[in-house]
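# Structural features, examined
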Amino acid sequence: MIPRMIIYLKEEGSHISLWLISKLQLVWRISTEILHHLPNSTMDDYNIIYERMKHSGVRHYLTICLEKSFHLMLHGELENARRELSAGESWRYGKESASQHHNFTLIHAYRSLLDYIIWCDKKSLQSTHPNSEDDQSMHRYFKQAAVNLREVLKKPGVWDPFILCYIEMLEFYDDHEEALKILNNYAYDHSFPPNPNAHVYLYQYLKRHNAPEKKLIKVLKILQVLVPSHELMLEYISLLLQSERTNAVQKALEVALAMLDFKCWKRNLDVWRHLKAIIQQMQTQENCQEAVVAVMDQRKDWWSAFHFTSMHATQDVKDNPELFEIKSSLAKVLYPDQTLKYTAGS
């Protein structure tokens, strides 16, 4: 049987290598799944499987290194997980493929994440028991993490957990210039996929460091385009109402109505309070009614049925009287030429 198999392997060449790769992966997956469901399985059992699979085919070496490190992390063996990833970092075999390049990037990222976790542990220890030796060790882990993360975050992708770790460390060492550079690149570099969180992180950082309202508004303006229902839109409205910019109140109206287009905000008292404040501020200006009608025009076919029916009135009176009062006071402004059935007696 074995000689026949060898002949078959020689004849089939690359086709059989692909077949073997898929079978090896199947063995690896089934083996680990069996161990997950065995009540008496040990870490040694997992190590045997992972090590044998790593050396059974070079194409899976880095993937298995990653998975083994995840398993070690889940069991609290952070140092062992870090050693596993360090071994993956130094591994080389032949010409690097696209998938290997991708896995190397992930290994660098997760190795840095472990450096960050160890850094956090040492930081916590330093806060209770200051020690110059621990402080040096802590800084060493920061440096190791920073070297890798700086390179990883240059590559287009969604790196949310990693960027948060890096920013926390940079803030701790007061390197605000580098932190802003990283966050701006993550949010505005067009080679990266659109990511609302990138703008959230930039906004939160700027807010923590008392950035001017103009900068905060700029970030939230882009976030509003990406996610008009985002909870930070409440802060965007507040900033716009405080702004002295021309048409800021008009923009606040558009943002508030866009939030109320979504069911998740439909009965939210804060949004309706903001809308009432916007209308009150607009009523001190000329052409208030025309501005409201212009924004409501695209909603005239469905918004009244979404917010202002007799059923909504009955429900709001029962569950949230303040919401009913606010909506009642806004109904005539939003629908000046329409008689709505949004009344308490309906």
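It should be emphasised that the depicted structure is a prediction, and the values quoted were computed from it without experimental measurement.

## So, the overall build of the chain
- Counting secondary structure elements, the chain contains 18 helices and 0 strands.
- Residues counted as buried form 42% of the 346 residues belonging to the chain.
- The contacts in the chain between residues at least 6 apart in sequence include a share of 60% that link residues at least 24 apart.
- Carbon together with sulfur atoms contributes 55% to the accessible area of the chain, which is approximately 19700 Å² in total.

## Points about the pattern of salt bridges
- Evaluation of the coordinates by the stated rule reveals 15 salt bridges.
- For lysine 207, the salt bridge goes to glutamate 235, with nearest N and O atoms at 2.9 Å. With a gap of 28 residues between them, lysine 207 in helix 10 (residues 196-208) and glutamate 235 in helix 12 (residues 233-242) connect regions that are remote in the sequence.
- For aspartate 297, the salt bridge identified is with lysine 300, shortest N-O distance 3.3 Å.
- Members of the salt-bridge network, linked through shared partners, are Arg267, Asp316, Asp319 and Lys327.

## Remarks on the environment of serine 86
- As for its position among the elements, serine 86 is in helix 5 (residues 78-90).
- Accessibility expressed as a relative area gives 25% for serine 86, which makes it partly exposed.
- In this structure the C-alpha to C-alpha distance between serine 86 and isoleucine 107, which are 21 residues apart in sequence, comes to 8.1 Å.

## Remarks on the confidence of the model for the chain
- For the chain, per-residue confidence averages 86 on the pLDDT scale, and residues scoring 70 or more make up 88% of the total.
- The lowest-confidence element of the chain is helix 1 (residues 2-12), averaging 36 in pLDDT; the highest-confidence one is helix 10, averaging 98.

## Quick word on the packing of helix 11 (residues 213-226) against helix 12
- The contact between helix 11 and helix 12 brings their axes to 10 Å, and the two run at 135°. Taken together, the axis directions place helix 11 and helix 12 in an arrangement best described as oblique. Considering the relative orientation of helix 11 and helix 12, their crossing is left-handed. Contacts from Glu213, Leu216, Ile217, Leu220, Lys221, Leu223 and Gln224 in helix 11 reach Met233, Glu235, Tyr236, Leu239, Leu240 and Gln242 in helix 12.
- Residue classes in the contact of helix 11 with helix 12 are distributed as 8 nonpolar, 2 polar and 3 charged.

## Comments concerning a positive patch on the surface
- Together, Lys214, Lys215, Lys218, Lys221 and Arg245 line one region of the surface with positive charge.
- As for its position among the elements, lysine 214 is in helix 11.

## Considering the side chain of glutamate 84
- Looking at where glutamate 84 falls in the secondary structure, it is placed in helix 5.
- For glutamate 84, a relative accessible area of 9% gives the class buried.
- Excluding residues that lie within four positions of it along the chain, glutamate 84 makes contacts with Glu51, Lys54, Cys65, Lys68, Ser69 and Leu72.

## Digging into helix 15 (residues 288-296)
- Of the positions making up helix 15, those classed as buried are Cys288, Ala291, Val292, Val295 and Met296. Seen end-on, helix 15 carries its buried residues on one side only, within an arc spanning 130°. Facing away from the buried side of helix 15 by more than 90 degrees, the exposed set consists of Glu290 and Ala294.
- Summarising the contacts, the buried residues of helix 15 are in contact with helix 13 (248-260), helix 14 (269-282), helix 16 (303-307) and helix 18 (321-334).

## Quick look at the packing of helix 17 (residues 310-319) against helix 18
- Between helix 17 and helix 18, whose axes approach to 5 Å, the crossing angle comes to 135°. Comparing the axis directions of helix 17 and helix 18 gives the class oblique. Contacts from His312, Ala313, Asp316, Val317 and Asp319 in helix 17 reach Pro321, Leu323, Phe324 and Lys327 in helix 18.
- Of the residues that constitute the contact of helix 17 with helix 18, the class distribution is 5 nonpolar, 1 polar and 3 charged.

## Overview of a nonpolar patch on the surface
- Side chains of Leu26, Ile30, Ile34 and Leu38 sit close together on the surface and give an oily, nonpolar patch of about 350 Å² of accessible area.
- Note on placement: leucine 26 falls in helix 2 (residues 14-37).
- For leucine 26, a relative accessible area of 47% gives the class partly exposed.

What counts as what
- Residues numbered from 1 in each chain as written.
- Predicted model: local features only at pLDDT ≥ 70, side-chain atom pairs only at ≥ 80, totals over all residues.
- Heavy atoms only, no water.
- Helix = DSSP H or I, 4+ residues; strand = E, 2+ residues; numbered from the N terminus.
- Buried < 20%, exposed > 50% of the residue type's maximum accessible area, 1.4 Å probe, protein only.
- Contact = heavy atoms within 4.5 Å.
- Areas by Shrake-Rupley, 256 points an atom, 1.4 Å probe, with all protein chains shown as cover.
- Salt bridge = Lys/Arg side-chain N within 4 Å of Asp/Glu carboxyl O.
- pLDDT = per-residue confidence, 0-100.
- Axes fitted to C-alpha atoms, helices over the stretch in contact; angles between N-to-C directions.
- Parallel < 35°, antiparallel > 145°, perpendicular 65-115°, else oblique.
- Left-handed = near helix turned anticlockwise from the far one by under 90°.
- Nonpolar A, V, L, I, M, F, W, Y, C, P; charged D, E, K, R; others polar.
- Patch = residues over 30% accessible without salt bridge, like charges linked within 9 Å, V, L, I, M, F, W, Y side chains within 5 Å.
- Lys, Arg positive; Asp, Glu negative; His and termini not counted.
- Charge placed at Lys NZ, Arg CZ, Asp CG, Glu CD.
- Arc of directions from axis to C-beta.

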